[in-house]
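# Working through the structure, step by step
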Amino acid sequence: MADNQETLLLKIKEQGDLVRKLKAAKESGEKIQEEVAKLLALKAQIKTEDATPQKFSLKTAKGTRDYNPQQMTLRNGVLEKIIAVFKRHGAECIDTPVFELKDVLTGKYGEDSKLIYDLKDQGGEILSLRYDLTVPLARYLAMNKINTLKRYHIAKVYRRDNPAMTRGRYREFYQCDFDIAGQYDPMVPDAECLKVVTEIMDSLEIGQYVLKINHRRLLDGMFEACGVPDDKFRPTCSTVDKLDKSPWEEVRTEMINEKGITPEAADRIGEYVRLNGGVELVDQLLKDEKLSKTKAAVEGLQGIKLLLEYCELFGIKNKILFDLSLARGLDYYTGVIYEAVLTQPIKIGNEEQTVGSIAGGGRYDNLVGMFDSKNKQVPCVGVSIGVERVFSVLEAKLAAGDISVRTNEIDVYVASAQKNFLEERMKICTDLWNAGIKTEQSYKKNPKMLTQLQHCEENGIPLAVVLGESELKRGVVKVRNIKTRQEDEVPRENLVQDLLARIAELNVKENGTA
């Protein structure tokens, strides 16, 4: 149906152009009328098609989803914890447009460039939806001539991927990025990025994890030492990046058959990418016959050694693993790269679920220069938290009954035990709202008492102010603890202070949204 509509619109445009040309050329009136009649007939077809009822399936687009109040409460709670860590480290918040000029995004993502969503021409600008938050940051820094910035950015990004929604893979999803831009001493900001990741992982409490680290210079040096041609470093890197999902034999086959690497070179790479460890492994590789003769590899190993020293000072060395199989496929990385991975399946109900990577990032010193007319570089290092994976784990736990959430933050419900108390309820609500107390009431004029109390229990509201005729005549109201069902009479003029004290005592904390 849509294709027919587009074809008709194209024909109408062409026919309209023809009519205008005939009029401009002052053709005979008969010829013009004939073509105008054809134009009107085409337009009539459009109206006929529009009038035809169209059947369609009511659903969200592939790779997208809606979020109910319970899910949004979980998500906001996660984002609050992440933002608290970002702010603890002095990060400022920015935002950028959801779409960019296509030229801004082109050539930055290696083989993943095919996953970029292109938009139709909108008035002369060729646009694409942003693929991540890193390239827009580089464009922002270059465009505004910013040399130093510590920023965080939480926003949706878009990838034309095959979604696996149960594992937190979507076409539209949130990224939470923390980046440090500026010319600083080696590995100092890089180590802080790793510290940020550990603090976030610890605060989310979703499971045991390890932070894998590697270095792009080491990978380049390793490929060189193994006999890989320079022009095949990046394609080889993209293939090595698949080792977390595929066995070595599959990766080796792809290297040879698709990337054109010789079997001998692939086997030499295989010897290295199976290694992981700590400072001892770095020292061992610095003495390696092949790597020690390769400048890039030595630079990478020295960088890793310094990073591990700083991680020890930050108290996170026991959470770091130097892993030569870590490659990260994006083209813009130039130095250290890292990834946070859960080491054990997550127990959800009676089942165990494997999650994998939760965060990833690295150093990208040349990206900003790509957008600067004078190729002025602004070195950057950062990390992206894969919050969708975290959300999928928590939502599965919620569905299995392992955790529960409260979707509203109301502290006090104003109820009435008899009829005709709506006006008095409204006055009390106003006093409580003006005092900053989270309050609600029934929108019915004469609600049933049992219904009001059930609403409190179902929504986790801890306190109720109950109005009654005899109490109001004496200038008091009842305050009911919903959980214990204890009721106390409180003078009307002392109600605000009494409730504030009770809320503090019950430790009902304000959970403002992210």
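Our subject in this report is the structure included herewith.

Calculation rules
- Residues numbered from 1 in each chain as written.
- Predicted model: local features only at pLDDT ≥ 70, side-chain atom pairs only at ≥ 80, totals over all residues.
- Heavy atoms only, no water.
- Axes fitted to C-alpha atoms, helices over the stretch in contact; angles between N-to-C directions.
- Helix = DSSP H or I, 4+ residues; strand = E, 2+ residues; numbered from the N terminus.
- Parallel < 35°, antiparallel > 145°, perpendicular 65-115°, else oblique.
- Left-handed = near helix turned anticlockwise from the far one by under 90°.
- Contact = heavy atoms within 4.5 Å.
- Core = buried A, V, L, I, M, F, W, Y, C linked by side-chain atoms within 4.5 Å.
- Buried < 20%, exposed > 50% of the residue type's maximum accessible area, 1.4 Å probe, protein only.
- Phe/Tyr/Trp six-rings, centres within 6.5 Å; stacked < 30°, edge-to-face > 60°.
- Lys NZ or Arg CZ within 6 Å of the ring centre and 35° of its normal.
- Salt bridge = Lys/Arg side-chain N within 4 Å of Asp/Glu carboxyl O.

Quick look at the packing of helix α7 (residues 216–225) against helix α10 (residues 263–273) now. Running from amino to carboxyl end, α7 crosses α10 at an angle of 140°, the nearest separation of the two axes being 9 Å. Taken together, the axes of α7 and α10 are oblique relative to one another. The element α7 and its partner α10 pack so that their crossing is right-handed. Seen from α7, the contacting residues are Met222, Phe223 and Ala225; seen from α10, they are Arg268, Ile269, Tyr272 and Val273.

One finds Phe86, Met222, Ile269 and Phe322 to be the most contacted residues of the largest nonpolar core, which totals 101 residues. Considering every element that reaches this core, the biggest residue donor is helix α6 (residues 188–204), with eight residues. Apart from residues lying up to four places away in sequence, Ile269 is in contact with Met222, Phe223, Cys226, Val228, Thr236, Val240, Trp248 and Met255. Core analysis: the second largest hydrophobic core is formed by 17 residues, Phe421, Val479, Val490 and Val496 among them.

Time to look at the packing of aromatic side chains. Overall, the coordinates contain five aromatic pairs when judged by the stated rule. An angle of 50° between the planes, with centres 6.0 Å apart, marks the rings of Phe223 and Phe233 as tilted. With Phe223 in helix α7 and Phe233 in helix α8 (residues 233–240), the pair connects residues that are 10 residues apart, well separated along the chain. A single burial state applies to Phe223 and to Phe233, both of which are buried. Ring pairs connect the aromatic residues Phe86, Tyr152 and Phe178, which therefore count as one cluster. Taking NZ or CZ as reference, Arg159 lies 3.8 Å from the ring centre of Tyr131, over its face.

Below, the discussion takes up the pattern of salt bridges. Per the stated rule, a full pass over the model turns up 34 salt bridges. Residues Arg363 and Asp190 are paired through a salt bridge, measuring 3.0 Å at the closest nitrogen-oxygen approach. With Arg363 in strand β12 (residues 357–363) and Asp190 in helix α6, the pair connects residues that are 173 residues apart, well separated along the chain. For Arg363, a relative accessible area of 13% corresponds to the buried category. A salt bridge links Glu469 to Lys473; the nearest nitrogen and oxygen atoms lie 3.8 Å apart. Within this pair, Glu469 and its partner Lys473 are both found in helix α16 (residues 469–473), separated by four residues, close to a single helical turn. Overall, Glu469 belongs to the partly exposed group, its relative accessible area being 45%. Via salt bridges that share partners, Arg65, Arg75, Glu388 and Glu395 belong to a single interconnected network.

Just distances and angles here, no functional claims.
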